[in-house]
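# Architecture and fold: a report
Residues per chain are reported as follows:
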Amino acid sequence: MAGSQWELPPELCCRPMAFVALTGLDVVYNAVHRAIWDAFCANRRADRVPISFKVLPGDHEYPKCRTKRTSYEWYIPKGILKTGWMNKHLNLVPALVVLFYELDWDDPQWKEKQSECATKVEIVRTSLQGRNTKVAVVLIQKKTPLPPGEDLVASERASALCNACDLSGKSLFVLPHTDHLVGYIIRLENAFYEHAQTYYYTEIRRVKSHKEFLNKTTHQLLFVRHQFKIAFFSELKQDTQNALKYYRTAYSLVHELRAHETNILEIKTMAGFINYKICRLCFQHNTPLDAIAQFRKHIDLCKKKIGSAELAFEHAAWMSKQFQSFGELFDEAIKLGLTAIQTQNPGFYYQQAACYSQDRKHQAQQLCQGGLGYPSPDPLDTQTAGLDFYGQRPWRQGHQSIDPPDAEKEKTGILALQIKERDVPHSELIIALLSNAVAQFKKYKCPRMKSHLMVQMGEEYYHAKDYTKALKLLDYVMCDYRTERWWALLTSILTTALRCAYLMASVKDYIIYCMELLGRASTLKEEQKSKIEKNLIKVLMNEVPDAEPDSDPSSVSAARSLWTDRMALAGSNELTVEVQDYIPFIQCKSRFQSPSFHVDQPIQLQVFLRVDCPHPVNFHKLAVSLSNQVTSTD
């Protein structure tokens with residue numbers, strides 16, 4: 001729950017499309033039916049109407065329609081939005097059910113087949129159980145029909161079939177299975193789309209009709225719910241301008257709700273959902289500044305709504321998800337043609353999401369350290385394997401009063417959430433968000449932001465004990481900081497890199513970082529440099545160095561064992577360290593005694609060495625290499 005709880009439901013994130021159910025098609029064993037189904041599904045280009053099709057059996061049981069409420073006088077709502085409502089209207093309750101039936105106008109058994117078709121239509125109507133869903137019939141025919149008005153038999157029989165099935169003439173279609181099948185299918189689905197539009201228009205009017213029964217005292221949740229439903233039906237109807245208007249109204253209403261500790265999560269969850277819809281539609285309408293303004297308003301309104309102090313990590317997780325979702329929407333809009341700039345691109349939103357994930361991690365470390373076991377029975381377990389309403393607590397679903405109904409249950413519920421939070425892979429979440437941010441800043445040519453975030457990634461890998469990846473990232477960034485002479489930043493990175501090298505027992509890396517931290521570019525204090533120098537001498541003498549300060553205690557014992565093995569195998573191994581890319585603790589300069597020399601005259605070369613480390617250093621050999629290799633000497 002702690003991990004997936006913050007993910008936006010897929011039914012919220014998808015583009016809502018009218019749901020049309022097709023019955024009477026045997027797509028497995030009947031080749032004609034299969035060809036018809038393929039024509040509906042294959043190559044759905046952008047110019048085809050937005051419909052979601054499903055093949056269902058004729059007697060398929062659709063979700064039951066609840067008894068219509070005649071009064072709201074004593075009704076107290078238990079929550080804002082049911083968790084299954086969006087999915088129900090996207091995938092379970094069709095706007096239109098289409099019955100396909102093989103029947104030619106000149107069929108010798110016309111009467112029997114007309115009766116059978118009417119029975120099938122009645123079965124569909126019965127299974128819809130009182131819903132406003134439209135029903136249509138498509139006759140699959142072998143012959144191409146004659147132009148309207150020329151086939152009198154067809155006109156008579158069409159009228160008779162409509163009467164038998166209780167259909168209007170606009171709900172009966174003919175589909176000739178000829179070479180032009182796709183063309184006929186496109187005309188059919190355009191007609192289906194019009195029927196679906198009518199259905200969603202009726203549903204919007206039905207929801208609006210409830211308003212006169214509501215009062216502001218006990219039905220505030222219903223005002224939000226109904227505006228959301230009208231907006232969602234408007235999206236299904238592809239009326240995105242009206243959808244945006246109703247989502248904005250719902251957003252204002254959700255922030256008018258009286259917030260307290262028991263309902264703050266539900267309010268924030270719904271505010272997050274509605275904000276996502278508004279921002280998505282603003283990007284869709286090519287008004288990115290409106291999307292950014294809405295998101296900033298959303299963050300300003302919600303950032304202080306923390307809720308229970310014992311679950312403060314939940315607020316950080318929710319905030320992180322808000323920034324991540326907006327970054328993804330922004331990125332998606334850019335891929336569809338929106339232009340972004342250096343100072344306003346998705347990278348900033350991914351970066352902020354990572355910051356809140358880091359806050360979540362620190363809060364979880366402080367709040368979730370108790371040694372108590374997981375409570376039994378599980379307070380997070382629900383009988384239905386899910387919540388009834390978005391954003392509610394499993395142990396007190398449907399409860400809307402200010403105080404929790406059971407203080408003991410509240411306590412065990414909070415404990416269960418804290419224990420679950422311990423298992424969340426915080427570093428993985430942070431690294432993924434930082435990686436997204438780095439990719440964006442690289443794309444928009446922001447090298448310093450990229451380097452800054454790569455350092456954070458390296459440090460997060462270090463906390464996750466993946467020292468190899470940490471070292472790889474930090475090493476990459478060091479080059480930039482050396483070039484730009486950011487000595488304080490370089491020292492900080494080198495200190496982390498040295499800890500990684502120690503915990504990995506990487507001898508060569510350890511020596512290089514020690515040498516650089518002892519050098520003139522390092523901003524460490526003399527006392528710290530002295531400890532590093534002693535460790536460097538130990539390694540050069542084939543001895544195990546002392547652990548680096550602030551190293552993870554659980555990793556130090558394993559590191560000591562690795563160092564012992566390395567030192568035992570080292571013997572008199574020589575390491576060559578190329579220092580031209582580093583700023584080591586030994587400075588070296590050389591000069592000739594004279595600007596020119598005669599042939600056969602001895603040449604004198606002066607070599608100056610300066611050591612920047614706290615203690616003297618012995619060296620055993622000095623070699624001078626010249627560009628002319630013949631004259632090189634030891």
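The name recorded for the protein in an unreviewed UniProt entry is Trafficking protein particle complex subunit 11, from Amphiprion percula.

### Examining the pairing of strand 3 (residues 96–102)
With 6 of its 7 residues buried, strand 3 lies for the most part within the structure. Pairing analysis gives 4 bridges linking strand 1 (residues 18–23) to strand 3, with the strands arranged parallel. Bridge pairing links Leu 22 to Val 98 in strand 3. Of the pairings in the sheet, the one linking strand 3 to strand 4 (residues 134–141) comprises 7 bridges and is parallel in character. Within strand 4, the position partnered with Phe 100 by the bridge is Val 138. As for the winding sense of the linkage, the β-α-β connection from strand 3 through helix 4 (residues 110–128) to strand 4 is right-handed.

### Brief notes about the layout of surface pockets
The volume enclosed by the second largest pocket comes to roughly 900 Å³. What lines the second largest pocket is a set of 34 residues, among which Arg 66, Trp 85, Lys 88, Arg 206 and Lys 229 lie closest to the centre. Those elements giving two or more residues to the lining of the second largest pocket turn out to be helix 3 (85–92), helix 6 (181–208) and helix 7 (220–236). For the lining of the second largest pocket, the element with the most residues is helix 7, which contributes 5 residues.

### Digging into unusual backbone geometry
In the segment running from Ser 376 into Pro 377, the intervening peptide bond is cis, with an omega of 0°. When you line up the elements, Pro 377 lands in the loop between helix 12 (346–367) and helix 13 (407–422). A positive phi is found at Asp 166, a non-glycine position, where the angle reads about 55°. Turning to its location among the elements, Asp 166 is positioned in the loop between helix 5 (152–165) and strand 5 (172–176).

### Remarks on the environment of Glu 543
Its place among the elements puts Glu 543 in the loop between helix 19 (526–540) and helix 20 (553–570). When near neighbours in sequence (up to four residues on either side) are disregarded, Glu 543 contacts Lys 538 and Met 567.

### With respect to the pattern of salt bridges
Here the structure, examined in full by the defined rule, presents 22 salt bridges. The salt bridge partner of Asp 300 is Lys 303, with a shortest N-O separation of 3.5 Å. Across the pair Asp 466 and Lys 469 runs a salt bridge, and its minimum N-O distance is 3.8 Å. Since its relative accessible area comes to 25%, Asp 466 is described here as partly exposed.

### A word on the sheet that holds strand 1
One open sheet accounts for 5 strands, arranged 2-1-3-4-5; its pairing is parallel. In this open sheet, the two strands that pair with only one neighbour each are strand 2 (51–55) and strand 5. Sheet twist, expressed as the average angle between the axes of neighbouring strands with direction ignored, equals 25°. Of the strands in this sheet, strand 1, strand 3 and strand 4 are in contact with helix 4, which crosses strand 3 at around 160°. Across the sheet, helix 6 lies against strand 1, strand 2, strand 3, strand 4 and strand 5, angled at about 160° from strand 5, the strand it touches most.

### Overview of the packing of helix 15 (residues 447–463) against helix 16 (residues 467–483)
Between helix 15 and helix 16, the least distance of the axes is 8 Å, while the angle of their chain directions is 155°. The orientation of helix 15 relative to helix 16 falls into the category roughly antiparallel. Considering only the axes of helix 15 and helix 16, their crossing is left-handed. Two secondary-structure elements touch here, helix 15 through Lys 450, Ser 451, His 452, Met 454, Val 455, Met 457, Gly 458, Tyr 461 and Tyr 462 and helix 16 through Tyr 467, Lys 469, Ala 470, Leu 473, Leu 474, Tyr 476, Val 477, Asp 480 and Tyr 481. Among the residues making up the contact of helix 15 with helix 16, the classes are represented as 12 nonpolar, 3 polar and 3 charged.

### Digging into empty space enclosed by the protein
Taking a probe equal in size to a water molecule and rolling it over the atoms shows the remaining empty space. For the structure shown, the criterion picks out 3 cavities of 30 Å³ or more. If you trace the largest cavity, you find it lined by Leu 8, Gly 272, Asn 275, Tyr 276, Cys 279, Phe 295, Gln 322, Ser 325, Phe 326 and Leu 329. Of the residues that constitute the lining of the largest cavity, the class distribution is 6 nonpolar, 4 polar and no charged.

### Observations regarding the nonpolar core
Within the largest apolar cluster, 124 residues are counted, with the highest numbers of intra-cluster contacts made by Tyr 200, Phe 228, Tyr 247, Met 270, Ile 274, Phe 326 and Tyr 513. Here this core takes 12 residues from helix 9 (residues 264–284), the largest share from any one element. For Phe 228, the contacting residues outside a window of four places in its chain are Leu 12, Leu 81, Trp 85, Met 86, Tyr 247, Ala 250, Met 270 and Ile 274. Counting residues in each nonpolar core, the second largest holds 26 residues, with Ala 136, Leu 175, Ile 185 and Tyr 193 among its members.

### Things to note about the packing of aromatic side chains
The final tally for this structure, using the stated rule, is 27 aromatic pairs. Ring centres 5.5 Å apart and planes at 65° place the aromatic pair Phe 228 and Tyr 247 in the edge-to-face group. With Phe 228 in helix 7 and Tyr 247 in helix 8 (residues 240–254), this pair connects stretches of sequence that are 19 residues apart. Accessibility assignment for this pair places Phe 228 and Tyr 247 in one class, buried. Ring geometry for Phe 323 and Tyr 356: centres 5.7 Å apart, planes at 20°, overall stacked. Separated by 33 residues along the polypeptide, Phe 323 in helix 11 (residues 312–335) and Tyr 356 in helix 12 bring together distant segments of the chain. Side by side, Phe 323 and Tyr 356 carry an identical accessibility label, which is buried. By the ring-pair criterion, three or more aromatic residues cluster together here, those being Trp 85, Tyr 199, Tyr 200, Phe 228, Phe 232, Phe 233 and Tyr 247.

### Topic: helix 12
If you check helix 12, its first and last C-alpha atoms are 31 Å apart, about what 22 residues at 1.5 Å a residue would give, namely 32 Å. The N-cap residue of helix 12 is Asn 345: its side-chain oxygen and the backbone nitrogen of Gly 347 are 2.7 Å apart.

### Overview of the packing of helix 10 (residues 288–302) against helix 11
Taken N-terminus to C-terminus, the directions of helix 10 and helix 11 make an angle of 175°; their axes are 11 Å apart at the nearest point. When the axis of helix 10 is compared with that of helix 11, the two are roughly antiparallel. Packed against helix 10, whose contacting residues are Ala 291, Ile 292, Phe 295, His 298, Ile 299 and Cys 302, the element helix 11 presents His 315, Trp 318, Met 319, Gln 322, Phe 323 and Phe 326 at the interface. In terms of residue class, the contact of helix 10 with helix 11 is built from 9 nonpolar, 3 polar and no charged.

### Some remarks on a nonpolar patch on the surface
Where nonpolar side chains cluster on the molecular surface, the patch consists of Ile 586, Phe 592, Ile 603, Leu 605, Val 607, Leu 609, Val 611, Phe 619, Leu 622 and Leu 626 and spans about 800 Å² of accessible area. Elements with a minimum of two residues in the nonpolar patch: strand 6 (586–592) and strand 7 (605–611). Among the elements that make up the nonpolar patch, the one with the highest residue count is strand 7 (4 residues). Locating Val 611 in the fold gives a position in strand 7. For Val 611, a relative accessible area of 38% translates into the label partly exposed.

So, how was this worked out
- Residues numbered from 1 in each chain as written.
- Predicted model: local features only at pLDDT ≥ 70, side-chain atom pairs only at ≥ 80, totals over all residues.
- Heavy atoms only, no water.
- Buried < 20%, exposed > 50% of the residue type's maximum accessible area, 1.4 Å probe, protein only.
- Helix = DSSP H or I, 4+ residues; strand = E, 2+ residues; numbered from the N terminus.
- Pairing = 2+ DSSP bridges.
- Right-handed = clockwise from strand over helix to strand, strands pointing away.
- 1 Å grid on protein atoms, 1.4 Å probe; cavity = no way out; pocket = protein on both sides within 12 Å on 5 of 7 lines; lining within 4 Å.
- Points joined across faces, edges and corners; volume = space filled by probe spheres on them.
- Contact = heavy atoms within 4.5 Å.
- Salt bridge = Lys/Arg side-chain N within 4 Å of Asp/Glu carboxyl O.
- Axes fitted to C-alpha atoms, helices over the stretch in contact; angles between N-to-C directions.
- Parallel < 35°, antiparallel > 145°, perpendicular 65-115°, else oblique.
- Left-handed = near helix turned anticlockwise from the far one by under 90°.
- Nonpolar A, V, L, I, M, F, W, Y, C, P; charged D, E, K, R; others polar.
- Core = buried A, V, L, I, M, F, W, Y, C linked by side-chain atoms within 4.5 Å.
- Phe/Tyr/Trp six-rings, centres within 6.5 Å; stacked < 30°, edge-to-face > 60°.
- Expected span 1.5 Å × (residues − 1).
- Polar contact = N/O pair within 3.5 Å; in protein donor to acceptor, adjacent residues only side chain to side chain.
- Patch = residues over 30% accessible without salt bridge, like charges linked within 9 Å, V, L, I, M, F, W, Y side chains within 5 Å.
- Areas by Shrake-Rupley, 256 points an atom, 1.4 Å probe, with all protein chains shown as cover.

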